[in-house]
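Coordinates in review
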Amino acid sequence: SAVISQKPSRDICQRGTSLTIQCQVDSQVTMMFWYRQQPGQSLTLIATANQGSEATYESGFVIDKFPISRPNLTFSTLTVSNMSPEDSSIYLCSVTGGPGGYTFGSGTRLTVV
Amino acid sequence: AQSVTQLGSHVSVSEGALVLLRCNYSSSVPPYLFWYVQYPNQGLQLLLKYTTGATLVKGINGFEAEFKKSETSFHLTKPSAHMSDAAEYFCAVSDTGDDKIIFGKGTRLHILP
């Protein structure tokens, strides 16, 4: 299965600023997925990122707030823009290496103060 | 669109008793189904998954789940609970196994001594 390196592992940010989270995969994958896990909650899908096309956002998430880049088949970034304390969450990326073979990054724990 | 319902946000069982965590899914196609466990302040760990074939799936740590198409269910069981089983459990579904994976809201399992 694929191995994902996600950075940073945690950060504390000032409100109004932006943070870019990176996910590097050790193999080429078609789709990458970005999730948010708010404190005490489940994982919610933010968007699906395909290389060479615009990301597809789930209901409740917009590109202006969570811009995503997918420059090649092994890398993606998620930016959390104009942050507020409500954005404090764990953000995770995920890929699938075959039917049912999902791998998740270790997550970025974001605290907005 | 696929969805998952986990019955019971909190479940308490005595050590040594049967663990039963309920999951019902909605999918327009034969689904891929997953159970993940998350220990406090840790990442997701795959317990087991159903892709195709045998409907009774055995996972790690003595857990198993049975896919019942007629009931659209994928309940997680363990014959004898251990204190170390205390954690958050997430049921998840994917339509194709290569597409996005959608999580239920989670069930917090408490083990009583």
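Report follows, based on the coordinates.

So, about the overall build of chain A. If you tally the helices and strands in chain A, you get zero helices and eleven strands. Ordered by position from N to C terminus, the α and β elements of chain A give β-β-β-β-β-β-β-β-β-β-β. For a compact globule of 113 residues, the expected C-alpha radius of gyration is about 13 Å, and chain A comes in at 13 Å, within 12% of that figure. Overall size of chain A, expressed as C-alpha extent along the three principal axes, is 40 × 25 × 20 Å.

Glancing now at the interface of chain B and chain A. Each partner contributes to the interface: chain B provides 19 residues, whereas chain A provides 18 residues. A buried area of about 1500 Å², summed over both sides, lies between chain B and chain A, and 54% of it is on carbon and sulfur atoms. Broken down residue by residue, the surface that chain B buries against chain A is led by B:D98, B:K100 and B:F103, which jointly contribute 32%. A:E58 serves as the salt-bridge partner of B:K100, at 3.2 Å between the closest nitrogen and oxygen. On inspection of chain B and its partner chain A, the count reaches six residue pairs in polar contact (both at pLDDT 80 or more). Put simply, the parts of the chain that give the side of chain B that touches chain A at least two residues each are strand 4 (32–38), strand 5 (44–50), strand 9 (87–94) and strand 10 (102–103) of chain B. In terms of residues, the side of chain B that touches chain A owes the most to one element, strand 4 of chain B, which gives four residues. Looking at the side of chain B that touches chain A residue by residue, the class counts come to eight nonpolar, six polar and five charged.

Here is what the cut-offs are and how they apply
- Residues numbered from 1 in each chain as written.
- Chains lettered and ligands numbered in written order.
- Predicted model: local features only at pLDDT ≥ 70, side-chain atom pairs only at ≥ 80, totals over all residues.
- Heavy atoms only, no water.
- Helix = DSSP H or I, 4+ residues; strand = E, 2+ residues; numbered from the N terminus.
- Rg over C-alpha atoms; globule rule 2.2 N^0.38 Å.
- Contact = heavy atoms within 4.5 Å.
- Buried area = accessible area lost by both parts, 1.4 Å probe.
- Salt bridge = Lys/Arg side-chain N within 4 Å of Asp/Glu carboxyl O.
- Polar contact = N/O pair within 3.5 Å; in protein donor to acceptor, adjacent residues only side chain to side chain.
- Nonpolar A, V, L, I, M, F, W, Y, C, P; charged D, E, K, R; others polar.

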